[in-house]
Amino acid sequence: QVQLVESGGGLVQPGGSLRLSCAASGFTLDYYAIAWFRQVPGKEREGVSVIGSSDGSTIYADSVKGRFTISRDNAKNTVYLQMNSLKPEDTAVYLCAARPDGSSWFWEEYDYWGQGTQVTVSS
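Cut-offs used in this document
- Residues numbered from 1 in each chain as written.
- Predicted model: local features only at pLDDT ≥ 70, side-chain atom pairs only at ≥ 80, totals over all residues.
- Heavy atoms only, no water.
- Disulfide = S-S within 2.5 Å.
- Helix = DSSP H or I, 4+ residues; strand = E, 2+ residues; numbered from the N terminus.
- Buried < 20%, exposed > 50% of the residue type's maximum accessible area, 1.4 Å probe, protein only.
- Patch = residues over 30% accessible without salt bridge, like charges linked within 9 Å, V, L, I, M, F, W, Y side chains within 5 Å.
- Areas by Shrake-Rupley, 256 points an atom, 1.4 Å probe, with all protein chains shown as cover.
- Salt bridge = Lys/Arg side-chain N within 4 Å of Asp/Glu carboxyl O.
- Contact = heavy atoms within 4.5 Å.
- Polar contact = N/O pair within 3.5 Å; in protein donor to acceptor, adjacent residues only side chain to side chain.

(A) Focus on the state of the cysteines. Counted under the stated rule, the structure contains 1 disulfide. Across the disulfide from Cys22 sits Cys96; the S-S distance is 2.0 Å. A torsion of 70 degrees about the S-S bond marks the disulfide between Cys22 and Cys96 as right-handed. Linking Cys22 in strand 3 (residues 18-25) with Cys96 in strand 9 (residues 92-100), this pair joins segments that are 74 residues apart in sequence. We classify Cys22 as buried; its relative accessible area is 0%.

Right under this line is the structure:
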């Protein structure tokens, strides 16, 4: 059974930090690109960051560049998203997704999805 499970979300004040985890089971992430998306009710799903399957190359949305860092630990079959200097507009459900081989910025091209973890940034 293929499964992705996100964790680490919660409530933080503006300027705070959270570290999200995306743990895979039923398959290994070594040959998959992993992306983080976020979703707010009534709005389009937004790409946040992607890490490549081979060399660990990364891309970020302009809105999070310099504040968020994506990384992977293949030995633990887990991808992380370190979020610093959080802003209220970062509030969303964060989902991780996987696809074989190459990276993509488009959610339609991802095969496997987690259930999401809520991040709320509020004073």
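(B) Structural context of unusual backbone geometry. Here the phi dihedral of Asn77 falls at roughly 55 degrees; this positive angle occurs in a residue that is not glycine. With respect to the helices, strands and loops of the structure, Asn77 is situated in the loop between strand 7 (68-73) and strand 8 (78-83). We classify Asn77 as buried; its relative accessible area is 11%. Backbone geometry places Ser85, a non-glycine residue, at a positive phi of 50 degrees.

(C) Layout of a nonpolar patch on the surface. On the surface, Ile59, Trp105 and Phe106 cluster together to form a nonpolar patch covering roughly 290 Å² of accessible area. Within the secondary structure layout, Ile59 lies in strand 6 (residues 58-60). In this structure Ile59 comes out as partly exposed when scored by relative accessible area, which is 39%.

(D) Layout of the environment of Arg72. Looking at where Arg72 falls in the secondary structure, it is placed in strand 7. Using a relative accessible area of 19% as the deciding quantity, one classes Arg72 as buried. Considered as a pair, Arg72 and Val48 are 24 residues apart in the sequence and their alpha carbons are 15 Å apart. Filtering out sequence-adjacent residues up to four positions away, Arg72 remains in contact with Leu29, Asp30, Tyr32, Ile34, Ile51, Gly52, Ser53, Thr78 and Val79. Looking at Arg72, its side chain comes within polar contact range of the main-chain oxygen of Leu29, at 2.3 Å. At 3.0 Å, the side chain of Arg72 forms a polar contact with the side chain of Asn74.

(E) The arrangement of the pattern of salt bridges in detail. The full count for this structure, using the stated rule, is 4 salt bridges. Between Asp90 and Arg38 there is a salt bridge, with its nearest N and O atoms 3.0 Å apart. Note that Asp90 is positioned in the loop between strand 8 and strand 9 and Arg38 in strand 4 (residues 32-39), a separation of 52 residues in sequence. Among the residues examined, Asp90 registers a relative accessible area of 1% and is labelled buried. Close ionic contact of Asp90 with Arg67 constitutes a salt bridge, the shortest N to O distance being 2.8 Å. In this pair, Asp90 is assigned in the loop between strand 8 and strand 9 and Arg67 in the loop between strand 6 and strand 7, connecting sequence segments 23 residues apart. Assessed through its relative accessible area of 10%, Arg67 is described here as buried. Salt bridges here are not isolated pairs; linked through shared partners, they connect Arg38, Glu46, Arg67 and Asp90.

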